Structure formats: structure tokens, C-alpha cells
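Coordinate inspection notes
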Amino acid sequence: PGRWSLHDKMALVTGGTRGIGRAVVEELAALGAAVHTCCRNEAELGERLKEWEARGFRVTVSVCDLSARDQREGLIRDVADRFGGKLDILVNNVGTNIRKPTTGYSAEEYSFLMATNLESAYRLCQLVHPLLRASGSGSIVFISSVAGIVALFSGTIYAMTKGAMNQLTKNLACEWAKDNIRTNCVAPGYILTSLSEGILANKEFEDSVKSRTPLRRVGEPAEISSLVAFLCMPGSTYITGQTIAVDGGMTVNGLY
Ligand code: NDP
């Protein structure tokens, strides 16, 4: 297996049926990895699985709501069974949003976003740590957001979960380096998916995103999955603890 290959790597990608997660599943599988993925919707998972099998990808699936502890534990049992107690790659992709002014959030909405975006990823890292260590060289990639780096109209709770994820990346990189586990974070700008299509359908909003983005367009899921794949390859074995924005230049733009 070469530096630019994921041949025979074993990967868990959360939330692989749509958007960025789907692109990551397909990118890793096309590069030779065996991939396990999950989401809450059994029918959609079944449809994707058929497509993936038809394309010759080695993908297996579990129905799982990652915000529920017992379901997370069940997922990791499935993964450990499938991959013989080892795992090379964990991509923490699941995340969602409720956009409203800070004063408008209920206690339930706060707990829901924290559980879905942050706690699920943190707990999965805890649960898969023995599997990543057993593989001898593990790679964790978080999908956070530029909303965790600069202030956007994303809602404060979403931004808090992503900012915390950027910091978690640094701590795990240092704490688990001794186990040869690298931890990095990809922070997308606006990418057209089922999560963002509602807000991007607002022409005025879309124009303001484009006007602040040096490349003057929103991104596509495959422009995120390429970096995720690189961060899991032998070619990136000295990169750890980094948060890399994939945002058409939005977060470095002063006044262009
Ligand atoms: P989508 O909503 O399009 O896809 C989310 C995926 O995660 C689906 O497969 C969904 O399936 C699954 N999922 C959601 N909640 C859960 C859950 N509780 N348990 C298990 N699976 C779940 O989102 P995107 O692809 O746009 O976003 C992916 C990640 O990228 C998120 O973390 C998001 O914050 C981040 N991101 C996205 C940006 C964008 O512009 N799109 C920008 C910056 C970051 P199901 O609903 O059936 O469970």
C-alpha cells in the first residue's frame, strides 16, 4: 500500500447517508478502505447500501442515533465485530443545527445540539480508543465548521460545539500520540448539503456568503472528503492536532 492509498484500512464514518458524510464514505471506499457507517434512517441507509454495493465498495451499515448512549455502544460493538477488534480511521461527521437568536433557545434545544454535535463525537472517541490503539496507527478526523473559528450567522450553540471540537482535536492529538493515534479536524465553510440547502436557498444570504468568500462560491461535499482522506493516509503521518479550514478562503478574508 502506497503513501496515497487507503488500501485495506478499516474506517468508521458517522452520518454517511447524505452530504459530507456520504462523500467521505465514497472517497475512503474508492481509495480501498473498508467502511462502516450509520445514521438514524433505516430506509435511507438501505438505499445507499445498494448503491455502494453496485459500485463495488466494501461498506457495511448500522442504524444508530449517536445522541443515545446505548446506541453508540451498540454501534461500536458492531464495528469491533466487523473489523476484528481493530479500527484505523474514525471520522466524526454527524452534526446538525437549529438557527435562532441566542435568547430564543430552550434548554431542550441546548441539550439536543450539545448531545448530537459534541458529546456524541467525544464519547465515540472514548469508545474506539482501544480499537484505534490495537491497529497500531489510528487517525481521527472531526468535521467541525468555520463557525467554530469565526462568528457566523450559525447560531451560538452550534458555534460552541464546533469551537469545542477544534480544542478537543488538540488535546487528543497530544494525549494519544503515544498510542500512534493522530487527531485532526476539517472545518468546512458553506457546503451545499441537506443541512445548508434551506438557508442557502435564501438568495440574499447566499450572495452575502459568496461576497465574503474569495473564491466567490459555496463548496461541494467532495471538496471536503478529499482532505479527510489525505488526513487518514500514510502521506500525512506527521500531521496531528490541526484544524484546517476548507472554505474558499472565507476565514482569511479581511476586506476582499
Ligand atoms: P446533513 O444533514 O446533510 O447530513 C447529516 C448526516 O448525519 C446524515 O447522514 C444524517 O442521517 C446523519 N445524522 C444526523 N444526526 C444523526 C444522529 N443523531 N445519529 C446518527 N446519524 C445522524 O449534514 P452535512 O453533510 O451538511 O454536515 C455534516 C457535518 O459537516 C456536520 O457536522 C456539519 O455541522 C458539518 N458542516 C456542514 C457544513 C455545510 O455547509 N453543510 C458547513 C460546516 C460544517 P439521519 O438524519 O438519517 O440520521
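At a closest axis distance of 9 Å, the pairing of helix α4 (residues 107–135) and helix α5 (residues 156–175) adopts a crossing angle of 15°. Taken as axis vectors, α4 and α5 run roughly parallel relative to one another. Like other packed secondary-structure pairs, α4 and α5 cross with a definite hand, here right-handed. Counted together, Y110, L113, M114, N117, L118, A121, Y122 and C125 of α4 and I157, Y158, M160, T161, K162, A164, M165, L168 and L172 of α5 form the full contact between these two elements. Across the contact of α4 with α5, the residue classes break down as 14 nonpolar, two polar and one charged.

Take the sheet that holds strand β3 (residues 59–63) next. As summarised here, the arrangement of the seven strands in space is β3-β2-β1-β4-β5-β6-β7, forming an open sheet in which the pairing is parallel. Where the open sheet ends on each side, the last strands, each with one partner, are β3 and β7 (243–246). On average, each strand axis in the sheet is inclined to that of its neighbour by 20°, with strand direction left out of account. Here strand β6 (residues 181–188) pairs with β7 via four bridges, running parallel. Residue pairing in the sheet places C185 in a bridge with T243 of β7. Sheet contacts for helix α1 (residues 19–30): β1 (10–14), β2 (34–39), β3, β4 (89–92) and β6; angle to β1, the most-contacted strand, approximately 170°.

Below, the discussion takes up the packing of aromatic side chains. Evaluation of the coordinates by the stated rule reveals two aromatic pairs. Arranged with centres 5.5 Å apart and planes meeting at 75°, the rings of Y190 and F205 form a pair that is edge-to-face. With a gap of 15 residues between them, Y190 in the loop between β6 and α6 (197–200) and F205 in helix α7 (residues 203–212) connect regions that are remote in the sequence. Residue class for Y190 comes out buried when judged on its relative accessible area of 16%.

Burial analysis of β1 places five of its five residues in the buried class, which makes it a mostly covered element. Here β1 shows two buried faces, one formed by M10, L12 and T14 and the other by A11 and V13. Strand direction decides the pairing type here: β1 and β2, joined by five bridges, are parallel. By the bridge assignment, T14 is partnered in β2 with C38.

Conventions we followed
Residues numbered from 1 in each chain as written. Predicted model: local features only at pLDDT ≥ 70, side-chain atom pairs only at ≥ 80, totals over all residues. Heavy atoms only, no water. Axes fitted to C-alpha atoms, helices over the stretch in contact; angles between N-to-C directions. Helix = DSSP H or I, 4+ residues; strand = E, 2+ residues; numbered from the N terminus. Parallel < 35°, antiparallel > 145°, perpendicular 65-115°, else oblique. Left-handed = near helix turned anticlockwise from the far one by under 90°. Contact = heavy atoms within 4.5 Å. Nonpolar A, V, L, I, M, F, W, Y, C, P; charged D, E, K, R; others polar. Pairing = 2+ DSSP bridges. Phe/Tyr/Trp six-rings, centres within 6.5 Å; stacked < 30°, edge-to-face > 60°. Buried < 20%, exposed > 50% of the residue type's maximum accessible area, 1.4 Å probe, protein only.

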